[in-house]
Amino acid sequence: MRNLSRQEQKLIIIQFFNFLSYSLTGVFVNVFFFAHGDLKTTILYNIISSTSFAVFYGMSGWTLRKVSSGLMMKISFLTSAVFYFLLFFLKEQSVTYIVPLGIISGFSAGNYWPAYNLNQYILTRAGRREEYFGWALALVNLANAIGPITAGTLISYIAYLSSSLSTGYAVLFFLVFTIMIAAVVVIGKLPSHEPPQFSYRHLFSHRRSLAWKLVLGQQGLMGFYDVALATVSGVLLYLLLGGEAPLGFALTIAATLATGASIISIRILKRYKSGFWIGVIGSMVSIFSLGFFQNMVGAWVFILVSGATMAFFQNGLTIEVFRVLDNTEGGWRQKYHLLLEQSLVIQLFRIVSFLLLFFILELADEVSVARTWLMILPILPLFIGYFLRRSHLLH
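Right, let's walk through the structure included here. (Residues numbered from 1 in each chain as written. Predicted model: local features only at pLDDT ≥ 70, side-chain atom pairs only at ≥ 80, totals over all residues. Heavy atoms only, no water.)

## So, the environment of Ala151
So, step 1. Turning to its location among the elements, Ala151 is positioned in helix H6 (residues 129-162).
So, step 2. Aside from chain neighbours lying at most four places away, what touches Ala151 is Leu24, Phe28 and Leu172. (Helix = DSSP H or I, 4+ residues; strand = E, 2+ residues; numbered from the N terminus. Contact = heavy atoms within 4.5 Å.)

## Description of helix H7 (residues 165-187)
So, step 1. In a regular helix each residue adds 1.5 Å, so 23 residues correspond to 33 Å; H7 covers 34 Å between its end C-alpha atoms and thus fits that length.
So, step 2. Within the sequence span of H7, burial applies to Ser166, Gly168, Tyr169, Ala170, Leu172, Phe173, Val176, Ile179, Met180, Ala183, Val184 and Ile187.
So, step 3. Buried residues along H7 sit in contact with helix H1 (6-36), helix H4 (69-90), H6 and helix H10 (244-271).
So, step 4. A positive backbone phi angle near 55° is found at Gly188, which sits one or two residues after H7. (Expected span 1.5 Å × (residues − 1). Buried < 20%, exposed > 50% of the residue type's maximum accessible area, 1.4 Å probe, protein only.)

## Side note on the packing of aromatic side chains
So, step 1. This structure, assessed with the given rule, holds 30 aromatic pairs.
So, step 2. A centroid spacing of 6.4 Å and a plane angle of 20° characterise the contact between Tyr45 and Phe83, whose relative ring orientation is stacked. Taken as a pair, Tyr45 in helix H2 (residues 39-58) and Phe83 in helix H4 lie far apart in primary sequence, 38 residues in all.
So, step 3. Relative accessible area serves as the criterion here: at 6%, Tyr45 is assigned to the buried category.
So, step 4. On the numbers, 5.3 Å between centres and 10° between planes, the contact of Phe288 with Phe292 is stacked. On the criterion of helical spacing, the pair formed by Phe288 and Phe292 is a turn pair, its members being four residues apart in helix H11 (residues 277-293).
So, step 5. What makes Phe292 partly exposed here is its relative accessible area of 38%.
So, step 6. Members of the aromatic cluster, connected to one another through ring pairs, are Phe32, Phe33, Tyr45, Phe83, Tyr84, Tyr169 and Phe173. (Phe/Tyr/Trp six-rings, centres within 6.5 Å; stacked < 30°, edge-to-face > 60°.)

See below:
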């Protein structure tokens with residue numbers, strides 16, 4: 001990581017704090033809503049949050065002309081702190097406030113990611129993106145390793161002391177509230193930059209190259225696949241493993257493997273452009289195993305295989321997005337519509353995925369739906385890999 005610039009290192013640290021908060025609570029927020037409602041409650045929360053995210057991300061073309069990207073990230077972290085404080089304060093009553101909580105969550109993410117992605121594109125260099133994204137994902141996975149086992153153990157321990165599971169969750173949410181406040185200080189001041197030269201007309205009038213169409217195809221399929229998978233698999237693992245503490249331990253094992261895989265992927269993806277297939281095949285095997293076996297064996301195959309391979313897939317996709325952006329004519333100020341379009345595509349497909357899940361849950365029981373969903377999803381990484389391979393053949 002010493003080869004990275006100070007700005008690149010700071011971006012990675014900011015991302016570490018962001019994912020530390022998410023790893024402490026991400027799956028447990030879904031499990032919390034599931035435990036005090038049902039799977040439909042969890043899916044509904046994600047539909048509202050994803051829709052809010054898309055709306056506020058869509059507004060970022062205007063927002064970034066009025067507010068600096070550094071301030072946007074601080075506002076996002078403060079809003080996230082408010083979200084976790086409300087979960088702490090409302091406890092099990094939170095399920096009756098799904099709509100405003102989902103909107104607040106989406107507002108936070110919808111302002112953080114456009115600001116962060118823009119800084120990431122401006123401040124990183126094409127010649128060392130494999131190294132940057134490798135180390136960034138390594139620290140993200142380190143945060144993901146620390147969070148789940150800490151959160152699961154904390155919830156279980158506080159619940160044991162207080163004889164109340166809700167109190168365990170409340171203490172966790174208050175802890176993350178304090179982390180988000182501290183993260184605002186850590187962000188400090190990022191290098192200033194000019195606002196993007198952006199018009200919403202660009203989204204409809206620009207000519208999409210074949211390379212960019214392939215990127216949008218990859219991102220759309222990834223959006224349909226990633227977050228809904230995390231939600232369903234998180235709830236299913238919670239049921240199979242038997243509680244918050246075992247779930248936290250399992251996710252920490254997966255994230256520890258992913259940390260090492262992220263560092264290894266730096267060298268492999270630099271040398272072999274086809275290295276992303278490791279992640280494609282690993283994703284297919286792990287998801288199918290969880291959906292087909294529906295037992296401890298399937299759960300641990302999913303945890304171990306996905307943890308050891310997904311970094312190759314994720315890094316390969318992100319590097320390709322930035323490579324195509326680099327090869328598009330114009331400076332970064334003329335390209336913001338592409339960053340916005342890519343993010344809106346992935347988010348809209350996430351919303352479609354959650355809506356489909358929500359309506360299917362009206363027709364069948366939760367476990368059957370989860371199993372069927374996980375039996376269908378393994379085909380999507382194969383299609384994403386095909387589009388990524390076609391992209392590589394263009395250069």
